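Chain and residue survey
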Amino acid sequence: MLQLGSLRIENGLIMAPMAGFTNLAFRLLIRRLGAGLVMTEMVSSMGLSMGQKKTLEYLRSCKDEKPLGVQIFGADPQVMARAGMIAAETGADLIDINMGCPVKKVVKTGAGAALLTNPKRAAEIVSAVRRASSLPLTVKIRTGWSPREPRACEIAKIVEDCGADALTLHPRFASEGFSVPARWDWINKVKQKVKIPVIGNGDVFDASHALELKQRTGCNGVMIGRGALRNPWIFSQIMSLEQGQAIRQPAIEERKTLIMEHFRLLSQTLGDKKAAFAMRGALIFYTKGLPHSGRFREQVTYIKDSRTLAGAVDLYFSGLPEAPASES
Ligand SMILES: Cc1cc2nc3c(=O)[nH]c(=O)nc-3n(C[C@H](O)[C@H](O)[C@H](O)COP(=O)(O)O)c2cc1C
């Protein structure tokens, strides 16, 4: 059980915020499959506070995906506070502050992982958002900007002192991108530094990794990103493993059914054209490791029309050897 302020997440399992992936359609799907909490992708606090229609779209939600965390990014405490209020007014159940994004466009404004190098500003932002809303408040950080300046423990303490209810650590330095494995020992170090719950994140690709992460770090919750894009069943598999039950691996046919349902939800929520674009991205993960998947992905790269893309998925999966669902 994971307590995030007033919000209780029974299984302690969270789907990571992921730009381009954790839209409403995917969040609905992943909640059905056992994630305890889902998050929007990072949303610009400036865009929200200026009332930009495109930015406000990211907050679109519905009751079946609840509870929903809205992740905001920005460098101005007052703008972040206003964005937090807007998220609360539009029905968010939790606000998460992004202090880990290494993308140039974001860090050059002083937001995302740039805040790891500016503890004073980081503190002002957490305090301002805390004052603006009584919703559960979490902050997602990396270990620091670069291996020369590990800042996770310092920032974690600031985040706690400024009133956040929990903290997520993705234990890589911003300068590293994904080029090195996540260093879970940092989660352990941060856990010893603060009293608020710590959510561990990074390189959980199967159910056993989640249990190992908890055992090795003592983290209170587990956040999963790429592992859940490849295998959306991972949340229920973790719960099975925790209860000492066998893990069920879905058959190929089930994977195809899930993809088609994802596609349907995307079309329903985004319209056909945007759905095809989003689905092409999702297919990269869904087909990883399957026979001839490289060739399939090349074939679908330029398909813009939903019906043609659905046909290509159908054809690809009907050509795969039928592996029955298995238990391990
Ligand atoms: C395509 C992609 C998009 C991401 N977008 C976000 C984001 O919007 N906000 C955020 O805090 N982290 C984002 N992340 C980082 C993930 O939330 C997560 O911390 C990271 O992928 C490590 O977890 P994993 O090993 O389980 O994937 C993104 C990662 C990827 C690969």
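The structure this text deals with has already been given above.
Looking now at the pairing of strand 8 (residues 137-144). Extensive coverage of strand 8 is indicated by the burial of 8 of its 8 residues. In terms of strand pairing, strand 7 (residues 94-99) meets strand 8 through 5 bridges, oriented parallel. By the bridge assignment for strand 8, Asn98 is matched with Lys140. Relative to strand 9 (residues 166-173), strand 8 is paired through 6 bridges, and the arrangement is parallel. In the strand pairing of strand 9, Gly144 is matched with Phe173. Regarding the hand of the β-α-β motif, the stretch spanning strand 8, helix 7 (residues 152-161) and strand 9 is right-handed.

All right, on to the side chain of Glu41 then. Structurally, the position occupied by Glu41 is in the loop between strand 4 (38-39) and strand 5 (43-44). Arg27 is the oppositely charged side chain nearest to the buried, salt-bridge-free Glu41, at an N-O distance of 7.1 Å. Those residues within four positions of Glu41 in sequence are excluded, and the remaining contacts are Pro17, Met18, Ala19, Gly20, Phe21, Thr22, Tyr58 and Gln71.

Counting residues in hydrophobic clusters, the biggest one holds 110 residues, and the most contacted among them are Met15 and Met99. When residues in this core are grouped by element, the largest group, 8 residues, is from helix 13 (residues 272-286). Viewed by domain, this core spans two of them, domain 1 (2-245) and domain 2 (250-327), each represented by three or more residues. Met42, Phe73, Cys101 and Ala111 belong to the second-largest nonpolar core, a separate cluster that totals 6 residues.

With respect to the helices and strands, Lys256 occurs in helix 12 (residues 252-270). Lys256 gets classed as buried once you look at its relative accessible area, which sits at 15%. Sequence separation between Lys256 and Trp186 is 70 residues, and the spatial gap between their C-alpha atoms is 38 Å. Look past the residues within four positions of Lys256 in its chain and what remains in contact with it is Asp314 and Phe317.

Reading the values: the criteria
Sequence order sets the numbering: in each chain, residues are counted from 1 along the sequence as written. Local features are withheld for residues below a pLDDT of 70 in this predicted model, meaning they are given only at 70 or higher, and side-chain atom pairs are given and counted only at 80 or more; totals for whole chains, interfaces and linings count all residues. Excluded from the side-chain calculation are hydrogens and water; included are all heavy atoms of the structure. Buried residues are those whose accessible area, probed at 1.4 Å on protein chains only, stays under 20% of the maximum for their type, while exposed residues exceed 50% and partly exposed ones sit between those limits. Secondary structure elements are defined from DSSP: runs of H or I of at least 4 residues count as helices, runs of E of at least 2 residues count as strands, and each element is numbered from the N terminus. A pair of strands is labelled paired if DSSP reports no fewer than 2 bridges between them. A right-handed crossover is one whose linking path, passing over the helix from the first strand to the second, runs clockwise when the strands point away from the viewer. Counting rule applied: Lys, Arg positive; Asp, Glu negative; His and chain ends not counted. Criterion for a salt bridge: a side-chain nitrogen of Lys or Arg within 4 Å of a carboxyl oxygen of Asp or Glu. We call two residues in contact when some of their heavy atoms are within 4.5 Å. To form a nonpolar core, buried Ala, Val, Leu, Ile, Met, Phe, Trp, Tyr and Cys residues must be joined to one another through side-chain atoms within 4.5 Å. Domain borders in the structure are assigned automatically or taken from a domain database.

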